[in-house]
Amino acid sequence: MKLDSKIPEGPLAEKWTKHKFNLKLVNPANKRKYDVIVVGTGLAGASAAASLAELGYNVKAFCFQDSPRRAHSIAAQGGINAAKNYQNDGDSIYRLFYDTIKGGDYRAREGNVYRLAEVSVNIIDQCVAQGVPFAREYGGLLANRSFGGAQVSRTFYARGQTGQQLLLGAYSAMNRQIANGKVKMYNRTEMLDVVIVDGKARGIITRDLLTGKIEAHSAHAVLLCTGGYGNVFYLSTNAKGSNVTAAWRAHKKGALFGNPCYTQIHPTCIPVSGDHQSKLTLMSESLRNDGRVWVPKIARPGLKAKDAVNIPESERDYFLERRYPSFGNLVPRDVASRNAKMVCDEGRGVGATGLAVFLDFSDAIKRDGKKTIEAKYGNLFDMYQQITGDNPYEAPMMIFPAVHYTMGGLWVDYNLMTTVPGLYALGEANFSDHGANRLGASALMQGLADGYFVIPYTIGDYLAGMPNEKVSTDRAEFKEAMDQATSRLNTLVNVKGTKTVDEFHRELGLTMWEYCGMSRNESGLKTAKQKIQGIKEEFWKNVKILGSANELNMELEKANRVADFIELGELMVDDALSRAESCGGHFREESATEDGEAKRNDDQYAYVSAWEYKGDNQPEVLHKETLVFENVKLTQRSYK
């Protein structure tokens, strides 16, 4: 299989403009003849559904939540990047492009990343027009703050609720089209498979989560906007419902999976408190603007936050400021996470488990006053106090890295199409824009860029060359896919084992975190592969699911998703084994610099790994898309 990224020729700054002109168009009268399915209604899905319906296409939108407002995009706190340069601090489209390429450790396409930076300025204007209440400076201009991996202030925010406010903007735009009859909304409905007709994606199979009914839906194109797969680690900052099923079923139908082992570890998460937890809570990266990260210079096991205030400055190690004086506490997420792990491995971690570091606001409160800090982060401080019982105004927060975002996803070309014609992947569901590490505040940017400003152009190019005749769901391809989905669910229900779904999920997650998390080595990855194969074998023999497939059955939902996570976990390990370099947040112990930093190997690994499914229990085939860098020089990343 030959991978064609379809990156346009010509100067970097002109690629997207020329490409848009060269794309074929569908005239307004013909747009209403085409049906488009959008799976997922977060920022990417809601913005795509609203934009395509506004253009005149007929859209069917699906989400497994009871409302699109519950999409996990709502959980994003700190902000959204855009190269507006309102601060006059030296920002530009090119600088945002460069910071993103560098932050991703030179493992992303130049063309995609520049386009993302280019349309970022339009996203802000669109969202302001929708009424998104961004913070403003005293003169009325939108306010900006800094995020990790940048030395300029380019992050627009709405206190600590940016994702929620942006989602409400996209949701209102989609609601307008629902009222106009151009978007048909299917809530509490989960996609189980993609239907391929004559080599093209022409529909999906779904399950009504309230009744268990299996249904088929046809369209001229299918957009997957289903988010990331961080819950393969069991404990992550993702909502418990976030899963890989839609993307994984598409993968099994021919869509290559790109860079599956690329996982983002977020440095500012509330630490694990015990085995009772089913998920983790994220504290916004924006807190690193004013919070200082430190641990004691000498190990103090069990040090509590309330006692930390008595530790004199001379006995504190502000390790990020010490190691990275240029960026300090605003180094990228992977660097901050790896250094937090390092000091905890040395025995200098704090809290009951020793797996935490302090994030201290005492200096900022003394400098700016409590009211100023409260205005910036009040809701985040309140959330932290409700969860931990500690008051961040009086004692430092405790934080530790956790799985947050996944840079891997379905491989797509410049038009966001997968290797299956007519099947697109948007936002976190694709692999395209972040390389080996995502900079903070770039997830919201990519989701909205894909939905508002990329897919409305590129899908037209595909549909313009396609007959507008509809495909009947009575065709054999739909019936076969429905039968397979029904059979799989019945098989799961009929195992009638003794071990719960959560037990299998937790076992998988612990294996992934220990062997394929922040730190990896060849021996550990081989151990993980064996363990995952054992988990898979036992799962299909001993999983316990009560109830039937033809009713509301949340345990069956979970089992169906965990079965996919198990298979994905094995592919992630295979991908990590094939990439014997440290890159981004993926520290390969065999590949490090003398001072312990991640060491890339550009001669052998400057490519996108794209995996092809070859059948159940068969090894997947690795394809490589070589990354070409014409505008940036590949250098060892340094934030010192």
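Okay, so let's go over this structure. Think of each chain on its own: its residues are numbered from 1, step by step along the sequence as written. Totals for whole chains, interfaces and linings use every residue, but because this is a predicted model, local features are given only for residues with pLDDT of at least 70 and side-chain atom pairs only at 80 or more, for both listing and counting. Only heavy atoms go into the side-chain values, all of them from the structure, while hydrogens and water stay out.

## Notes on the pattern of salt bridges
Inference 1: By definition, a salt bridge exists where a carboxyl oxygen of Asp or Glu is found within 4 Å of a side-chain nitrogen of Lys or Arg. Throughout the structure, instances matching the rule amount to 54 salt bridges.
Inference 2: Note that Glu581 is salt-bridged to Arg107, the shortest N-O span being 3.1 Å. On the criterion of sequence distance, the pair formed by Glu581 in the loop between α17 (554-578) and β19 (587-588) and Arg107 in the loop between α4 (93-103) and α5 (110-130) is long-range, its members being 474 residues apart. By the burial criterion, Glu581 is buried, and Arg107 matches it.
Inference 3: When the shortest N-O distance is used, the salt bridge between Lys558 and Glu555 registers 3.4 Å. Of this pair, Lys558 and Glu555 both sit in helix α17, 3 residues apart, which is roughly one turn of the helix.
Inference 4: Residues joined in a network through salt bridges with shared partners are Asp105, Arg107, Asp334, Arg579, Glu581, Arg600, Asp602 and Arg637. The helix count covers DSSP runs of H or I at least four residues long, the strand count covers runs of E at least two residues long, and both are numbered beginning at the N terminus. Using a 1.4 Å probe on the protein chains alone, a residue whose accessible area is under 20% of its type maximum counts as buried, one over 50% counts as exposed, and one in between counts as partly exposed.

## Description of the sheet that holds strand β5 (residues 183-186)
Inference 1: Only strands that DSSP links by at least two bridges are regarded as paired with each other. Pairing in this open sheet of 5 strands is parallel, and the strands run β5-β2-β1-β9-β17 from one edge to the other. Two strands lie at the open edges of the sheet, namely β5 and β17 (423-425), each paired on one side alone. On average, each strand axis in the sheet is inclined to that of its neighbour by 20°, with strand direction left out of account.
Inference 2: Examined bridge by bridge, strand β1 (residues 35-39) and strand β2 (residues 58-62) share 5 bridges and lie parallel to one another. In the sheet register, Val39 faces β2, and the bridge partner there is Phe62.
Inference 3: Here helix α6 (residues 162-179) sits on the sheet in contact with β2 and β5, set at roughly 110° to β5. All axes here are fitted lines through C-alpha atoms, helices being fitted over the stretch that makes contact, and every angle between N-to-C directions spans 0 to 180 degrees. In what follows, residue pairs with any heavy atoms lying within 4.5 Å of each other are defined as contacts.

## Quick notes on the sheet that holds strand β7 (residues 200-208)
Inference 1: Here we have 3 strands laid out as an open sheet, ordered β6-β7-β8, and antiparallel in their pairing. A single partner strand is all that each edge strand has here, and the edge strands are β6 (189-197) and β8 (214-218). Ignoring strand direction, the axes of neighbouring strands in this sheet form an average angle of 30°.
Inference 2: As defined by bridge partners, β6 adjoins β7 across 8 bridges and the pair is classed as antiparallel. Bridge pairing in β7 places Glu190 opposite Arg207.
Inference 3: Each of β6, β7 and β8 is contacted by helix α14 (residues 476-493), which is oriented at about 140° to β6, the strand it contacts most.

## Topic: the packing of helix α1 (residues 15-22) against α5
Inference 1: Interaxial distance between α1 and α5 falls to 9 Å at its minimum, and their mutual angle equals 90°. The angle between the axes of α1 and α5 places the two elements in the roughly perpendicular class. Every residue of α5 that contacts α1 at Lys15, Trp16 and Thr17 is listed here: Gly111, Arg115, Glu118 and Val119.
Inference 2: Tallied by class, residues from the contact of α1 with α5 come to 2 nonpolar, 2 polar and 3 charged. Note that the term roughly parallel is reserved for angles under 35 degrees, roughly antiparallel for angles over 145, roughly perpendicular for angles of 65 to 115, and oblique for everything else. The nonpolar class holds Ala, Val, Leu, Ile, Met, Phe, Trp, Tyr, Cys and Pro. Asp, Glu, Lys and Arg form the charged class, and all remaining residues, Gly among them, are polar.

## A closer look at unusual backbone geometry
Inference 1: Positive phi, close to 60°, is recorded for Lys6, a residue that is not glycine.
Inference 2: Tracing the chain through its elements places Lys6 in the segment before α1.
Inference 3: Look at Lys6 and you get partly exposed, because its relative accessible area is 39%.
Inference 4: In the Ramachandran plot, Asn259 falls in the positive-phi region, its phi being about 45° despite a non-glycine side chain.
Inference 5: In this structure, Asn259 sits in the loop between β10 (257-258) and β11 (263-269).
Inference 6: Asn259 sits in the buried class, given a relative accessible area of 2%.

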